[in-house]
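Single-letter residue listing:
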Amino acid sequence: MTKEEYVETINRISGTDVRKCMKCGKCSGRCPAFKDMDIKPHQFVSLLVKGDVDALLESKAIWHCLSCMACVERCPRGVAPAAVVEAVRDTVVRMQGNNGVKAEDIPPVVDELIPQQLLVSAYRKYNK
Amino acid sequence: MKISYYPGCTLKTKAKDLDVTARLCAKALGVEMEEIENWQCCGAVYPMATDEIATKLSAVRALDHAKHNGGKLLTLCSACHNVIKRTNEDMKTNDDIRFRANNYLQLDEPYGGEAEVLHYLEMLKTVVGFDNIKKAVVNPVKRKIGAYYGCLLLRPSGVMAFDNPENPTIIEDFIRAIGGTPVIYPFRNECCGAYVSLKNSDLPKQKSKKVLMSAKEKGAEEIITACPLCLYNLQVNGEGTLPVKYFTELLAEALGVQV
Ligand code: SF4
Ligand code: SF4
Ligand code: SF4
Ligand code: SF4
């Protein structure tokens, strides 16, 4: 796939218009995973505007976003940074061999109390 | 009165307490929760990518069932509520998703978002009424209680339309109705760390501790939630800072419902 095709796909499946961003940084200011992200929520938006696919696809932040929607809630321009993070993560994990969770990762974290919800959520977010 | 009810997989397993207490309390308050037939796991997280269709179908099937069985779909798990309500909005407003989901499902009549998704807390407020709950209380829960909303009930507020996303009040009103004193604390609508423990085990630990410390500082003696994952994160990562319970457990206590 060409760079342009990646940019087009990420834009389309994110369902949000990143060109509306005015670079205020409120999304990143509210993000609870900010410290753990190599690319911050506002940078996901601006890198997509720039079409810097390499930086987006290499980001480790896609594994740390909590999908908490705080960034979406706070954006004064109606942009959805969380949807850009998800569109990038989906683009990555839809490539063969890129699943974020391996079956052998599971048993060590399973304890008596772990709810199905956690495992189902993680599989849906990190694997295809 | 009967309402179609979507329990979800976690409420059938690790979160049985939430399901059982909710059903018994609803019955005591005159509402019969009728579990819909053949429901499937909703997937726990709403798929945001606009080309995701298959991952939304279980929610659409449940919604269509409710459309033909009373028109309302009652949810209890915050995650199920978030997935089903957002999917319903897609079916109402997104022509492409509605077309493709219906094209696959081939229902007798296409589904277009006709059902109303109602969370159990909304049912308590609008169907039963907090005043009527107050009247039914035999054993007031006279404690200082912190409501933990987390994210899934509130956000994105444009779709969830559950409460004010920055300053919600419904669970505090519920606490007052059962005789308790609500404690307002800053982190009650902050995320607990969600599902990322498989990729980053530290993040849920830090986030959950912050929530609990924030509640404790403001004087809370316990925390209530509607989300099995919130309960898990707060209990396991909070290292016993405060007891964490499902809101329905306190409702059962207040109504004197024997579990
Ligand atoms: S959804 Fe993700 S990017 Fe947005 S605020 Fe939450 S953790 Fe940060
Ligand atoms: S909050 Fe919205 S407008 Fe501001 S930087 Fe983030 S995406 Fe751009
Ligand atoms: S959200 Fe949770 S409890 Fe609800 S059906 Fe899906 S995984 Fe199961
Ligand atoms: S706080 Fe955490 S578990 Fe609870 S609703 Fe948010 S993501 Fe879910």
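None of these values were measured; they are calculated from a predicted model.

The next thing to look at is the domain arrangement of chain A. All names here are of chain A. As assigned here, chain A comprises domain 1 (3-97) and domain 2 (100-128). Averaged C-alpha coordinates put domain 1 and domain 2 at centres separated by 23 Å. Buried area between domain 1 and domain 2, summed over both chains or domains, comes out near 590 Å², and the portion from carbon and sulfur atoms is 52%. The largest per-residue losses of area from domain 1 upon contact with domain 2 belong to Trp63, Arg89 and Val93, which jointly make up 61% of the total buried on that side. Put simply, domain 1 and domain 2 have 2 salt bridges between them. Of the charged contacts, one joins Lys125 and Glu86 as a salt bridge, the two residues approaching to 2.5 Å between their closest N and O atoms. At the junction of domain 1 with domain 2, the criterion picks out 4 residue pairs in polar contact (both at pLDDT 80 or more). Looking at the side of domain 1 that touches domain 2 residue by residue, the classes come out as 3 nonpolar, 1 polar and 4 charged.

Now for the pairing of strand E3 (residues 72-75) of chain B. Residue and element names in this part refer to chain B. Bridge analysis of strand E1 (residues 2-5) against E3 gives 2 bridges, and the strand direction is parallel. Within E3, the residue paired with Ser4 across the bridge is Leu73. Relative to strand E4 (residues 116-119), E3 runs parallel, the two being bridged by 4 bridges. In the sheet register, Lys72 faces E4, and the bridge partner there is Glu116.

Below, the discussion takes up the site of ligand 4. Around ligand 4 sit B:Tyr148, B:Gly150, B:Cys151, B:Leu152, B:Cys191, B:Cys192, B:Ala194, B:Cys227, B:Leu229 and B:Cys230, and those are all the residues in its vicinity. For the shell around ligand 4, the class distribution of residues is 9 nonpolar, 1 polar and no charged.

In terms of nonpolar packing, the biggest core is built from 139 residues, with B:Tyr120, B:Met123, B:Leu124, B:Ile133, B:Phe174 and B:Phe247 touching the most fellow members. When residues of this core are assigned to their parent elements, the largest contribution, 8 residues, is made by helix H6 (residues 81-93) of chain A. Those residues in contact with B:Met123, other than ones at most four positions away along the chain, are B:Ile3, B:Ala26, B:Val31, B:Leu74, B:Leu118 and B:Val128.

We now examine the sheet that holds strand E5 (residues 144-147) of chain B. Residues and elements named next belong to chain B. Strand order in the open sheet formed by 4 strands is E6-E5-E7-E8, and the pairing between neighbours is parallel. The strands lining the two open edges of the sheet, one partner per strand, are strand E6 (181-183) and strand E8 (244-246). Between one strand and the next, the sheet's axes are offset by a mean angle of 40°, whatever the strand orientation.

Moving on, we get to the environment of B:Ile178. Residue and element names in this part refer to chain B. Position of Ile178 among the secondary structure elements: in the loop between helix H8 (170-177) and E6. Expressed as a C-alpha distance, the spacing of Ile178 and Ala252, which sit 74 residues apart in the sequence, is 9.6 Å. Setting aside anything within four residues of it in sequence, one finds Ile178 in contact with Ile133, Val137, Pro140, Val141, Leu250, Leu251 and Ala254.

Turning to the packing of aromatic side chains, a few remarks are in order. Scanning all chains against the criterion turns up 5 aromatic pairs over all chains. Relative to B:Phe247, the ring of B:Tyr120 lies with its centre 5.8 Å away and its plane at 65°, an arrangement referred to as edge-to-face. In this pair, B:Tyr120 is assigned in helix H5 (residues 120-128) and B:Phe247 in helix H11 (residues 247-255), connecting sequence segments 127 residues apart. A relative accessible area of 0% places B:Tyr120 in the buried class. What makes B:Phe247 buried here is its relative accessible area of 2%. Taken together, the ring pairs connect A:Trp63, A:Tyr126 and B:Tyr195 into an aromatic cluster.

Moving on: the site of ligand 2. Not every one of the 13 residues close to ligand 2 is listed here, only the nearest: A:Cys21, A:Cys24, A:Gly25, A:Cys27 and A:Cys75. Residue composition of the shell around ligand 2, by class: 8 nonpolar, 2 polar and 3 charged.

Let us look at the side chain of B:Thr75. Topologically, B:Thr75 is positioned in strand E3. Within polar-contact distance, the side chain of B:Thr75 engages the side chain of B:His81 at 2.7 Å.

Quick look at the pattern of salt bridges now. Within the structure shown, the criterion is met by 28 salt bridges over all chains. A salt bridge links A:Arg12 to A:Glu8, with the nearest nitrogen and oxygen atoms 3.3 Å apart. Of this pair, A:Arg12 and A:Glu8 both sit in helix H1 (residues 3-14), 4 residues apart, roughly one helical turn. The class of A:Arg12 is partly exposed, set by a relative accessible area of 43%. Residue classification places A:Glu8 among the partly exposed residues on the basis of a relative accessible area of 42%. For B:Asp90, the salt bridge is made with B:Lys56, and the minimal N-O distance between the two is 3.2 Å.

Time to look at the packing of H5(B) against H11(B). Residue and element names in this part refer to chain B. Relative orientation of the contacting elements H5 and H11 amounts to 40°, with a least axis distance of 11 Å. What the angle tells us is that H5 and H11 run oblique. Between H5 and H11, the residues in contact are Tyr120, Leu121 and Leu124 and Phe247, Thr248 and Leu251, respectively.

Here the focus is the sheet that holds E1(B). Residues and elements named next belong to chain B. Here 4 strands make up an open sheet; going across it, the order is E2-E1-E3-E4 and the pairing parallel. Every other strand in the sheet has two partners, leaving strand E2 (32-35) and E4 as the edge strands with one partner each. Mean inter-strand twist for the sheet, computed between neighbouring axes without regard to direction, equals 45°. In the sheet, E1 pairs with E2 via 4 bridges, with the strands oriented parallel. Within E2, the residue paired with Ile3 across the bridge is Met33. Each of E1, E3 and E4 touches helix H2 (residues 57-67); the most contacted strand, E3, lies at about 130° to it.

Cut-offs applied
Residues numbered from 1 in each chain as written. Chains lettered and ligands numbered in written order. Predicted model: local features only at pLDDT ≥ 70, side-chain atom pairs only at ≥ 80, totals over all residues. Heavy atoms only, no water. Domains from an automatic or database assignment. Buried area = accessible area lost by both parts, 1.4 Å probe. Salt bridge = Lys/Arg side-chain N within 4 Å of Asp/Glu carboxyl O. Polar contact = N/O pair within 3.5 Å; in protein donor to acceptor, adjacent residues only side chain to side chain. Nonpolar A, V, L, I, M, F, W, Y, C, P; charged D, E, K, R; others polar. Pairing = 2+ DSSP bridges. Helix = DSSP H or I, 4+ residues; strand = E, 2+ residues; numbered from the N terminus. Near = heavy atom within 4 Å. Core = buried A, V, L, I, M, F, W, Y, C linked by side-chain atoms within 4.5 Å. Buried < 20%, exposed > 50% of the residue type's maximum accessible area, 1.4 Å probe, protein only. Contact = heavy atoms within 4.5 Å. Axes fitted to C-alpha atoms, helices over the stretch in contact; angles between N-to-C directions. Phe/Tyr/Trp six-rings, centres within 6.5 Å; stacked < 30°, edge-to-face > 60°. Parallel < 35°, antiparallel > 145°, perpendicular 65-115°, else oblique.

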